Amino acid sequence: HASCLIFNCGIATSWGAVGSILDPALIEQSGLWRYKMGYPKIIATGPDVHVVFDDQETGPTRIQGLFHKYCLTSTPCGQFADWLSPSNGTDLLGGVNNGYPHSPHLIRNEVGNLFTVGLDNDSLSTSGTYSVYFSAYDRNSTTWSPPLKLPLPSSPGYVNPFLTATTDDMTVVVHSNDQVW
């Protein structure tokens, strides 16, 4: 990541040094146990910056899932040690991960709580039918709710779920085989 003060982001030299939000020892290198970050989504919630991403790689000690890291902007957010994990763990899907979680989408409401949707297989494989999962993040307790499988028909063609909310309701759409659900 890199950052700048909003009033001077149009000047290249105003951007800070590029830094990793993940421990450099846990980033993809030579096929060892490492995160391989995909589909990152970033959002600010007042005093915090949040990133949700997926890791689809396999290996003897790899954890596939949808992951969340955040930084309190009262810290420099320049080193991986500045980026925190939610109090109930980094993996948003927790125990329901079926082996191919991907394509998270992230939004926040007016009080700073986060909501995400993502895809996962219905079985332990990298192909097959996908379902859409929803989870909510409470900024006060820094925890994610247990993932909820949404009542959409499973589909082999789901891509890119999106989420939006008003003060009264929430809507999820997902593209599948030239249809939007």
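Residues numbered from 1 in each chain as written. Predicted model: local features only at pLDDT ≥ 70, side-chain atom pairs only at ≥ 80, totals over all residues. Heavy atoms only, no water.

Participant: Got a minute to help me understand the overall build of the protein chain in this structure?
Facilitator: Within the protein chain, the regular secondary structure consists of 0 helices and 12 strands. Starting at the N terminus and ending at the C terminus, the protein chain contains elements arranged as β-β-β-β-β-β-β-β-β-β-β-β. Here the protein chain, with 181 residues, has 40% of them falling under the buried criterion. Contacts spanning at least 24 positions in sequence make up 44% of the contacts within the protein chain whose residues lie at least 6 apart. With an accessible surface of roughly 9,700 Å², the protein chain has 59% of that area assigned to carbon and sulfur atoms. (Helix = DSSP H or I, 4+ residues; strand = E, 2+ residues; numbered from the N terminus. Buried < 20%, exposed > 50% of the residue type's maximum accessible area, 1.4 Å probe, protein only. Contact = heavy atoms within 4.5 Å. Areas by Shrake-Rupley, 256 points an atom, 1.4 Å probe, with all protein chains shown as cover.)

Participant: Honestly, the pairing of strand E7 (residues 130-138) in this entry has me stumped. Any pointers?
Facilitator: Here is the key point about a regular strand: its side chains alternate between the two faces of the sheet. Across the 9 residues that make up E7, a large majority, 7, are buried. Bridge analysis of strand E6 (residues 114-121) against E7 gives 8 bridges, and the strand direction is antiparallel. Bridge assignment links Val 117 to a residue of E7, and that residue is Phe 134. With 2 bridges connecting them, E7 and strand E9 (residues 148-149) associate as antiparallel partners. (Pairing = 2+ DSSP bridges.)

Participant: Whenever I open this one, the sheet that holds strand E11 (residues 170-176) confuses me. Can you help?
Facilitator: Here 3 strands make up an open sheet; going across it, the order is E10-E11-E12 and the pairing antiparallel. Every interior strand has two partners, whereas the edge strands, strand E10 (158-165) and strand E12 (179-180), have only one. Two strands pair when backbone bridges link them, and E10 and E11 are joined in this way by 6 bridges, in the antiparallel orientation. Bridge pairing links Ala 165 to Met 170 in E11.

Participant: Before we go on, may I ask you to explain the pairing of strand E1 (residues 38-44) in this structure?
Facilitator: Relative to strand E2 (residues 48-55), E1 is paired through 5 bridges, and the arrangement is antiparallel. When the bridges of E2 are listed, Ala 44 appears paired with Val 49. Remark: 3 residues form the turn of the hairpin made by E1 and E2, two consecutive strands paired antiparallel; Gly 46 in that turn has positive phi of roughly 80°.

Participant: Where do I start with the nonpolar core in this structure?
Facilitator: Counting residues in each nonpolar core, the largest one holds 12 residues, listed as Ile 107, Phe 115, Val 117, Leu 119, Tyr 130, Val 132, Phe 134, Leu 150, Tyr 158, Leu 163, Val 172 and Val 174. Going through the elements one at a time, E6, E7, E10 and E11 are the ones with two or more residues in this core. If near-sequence neighbours (up to four positions away) are discounted, Tyr 158 is found in contact with Leu 119, Tyr 130, Val 132, Leu 152, Pro 153, Val 174, His 175, Ser 176 and Trp 181. Counting residues in each nonpolar core, the second largest holds 9 residues, with Leu 22, Val 49, Cys 77 and Trp 83 among its members. (Core = buried A, V, L, I, M, F, W, Y, C linked by side-chain atoms within 4.5 Å.)

Participant: Please clarify how the sheet that holds strand E4 (residues 83-84) should be interpreted in this entry.
Facilitator: Backbone hydrogen bonds are what pair the strands of a sheet, in a parallel or an antiparallel way. Strand order in the open sheet formed by 4 strands is E1-E2-E3-E4, and the pairing between neighbours is antiparallel. The open sheet has two free edges, formed respectively by E1 and E4, since each of these has just one partner strand.

Participant: In this structure, what is going on with the environment of Pro 104? I would like to understand it.
Facilitator: Inspection of the secondary structure puts Pro 104 in strand E5 (residues 102-108). Residues Pro 104 and Asp 54 lie 50 residues apart in sequence; the distance between their C-alpha atoms is 7.1 Å. Here Pro 104 is in contact with Tyr 39, Lys 41, Val 52, Phe 53, Asp 54, Leu 66, Thr 116, Val 117 and Gly 118, once residues within four sequence places are set aside.

Participant: How should the side chain of Asn 109 be read in this particular structure?
Facilitator: Turning to its location among the elements, Asn 109 is positioned in the loop between E5 and E6. Here the side chain of Asn 109 touches Asn 113 through a polar contact of 2.9 Å, landing on its backbone nitrogen. (Polar contact = N/O pair within 3.5 Å; in protein donor to acceptor, adjacent residues only side chain to side chain.)

Participant: Can you walk me through the packing of aromatic side chains in this structure?
Facilitator: Here a ring pair, both rings aromatic, is described through the centre-centre distance and the interplanar angle of the planes. Tallied over the full model, the rule gives 3 aromatic pairs. Taking 6.2 Å as the distance between ring centres and 15° as the angle between the ring planes, the aromatic pair formed by Phe 115 and Phe 134 counts as stacked. Taken as a pair, Phe 115 in strand E6 and Phe 134 in strand E7 lie far apart in primary sequence, 19 residues in all. Pair check on accessibility: Phe 115 and Phe 134 agree, each one buried. Centre to centre, the rings of Tyr 137 and Trp 144 are 5.1 Å apart; their planes meet at 45°, and the pair counts as tilted. What makes Tyr 137 buried here is its relative accessible area of 3%. Trp 144 sits in the buried class, given a relative accessible area of 6%. Members of the aromatic cluster, connected to one another through ring pairs, are Tyr 70, Tyr 137 and Trp 144. (Phe/Tyr/Trp six-rings, centres within 6.5 Å; stacked < 30°, edge-to-face > 60°.)

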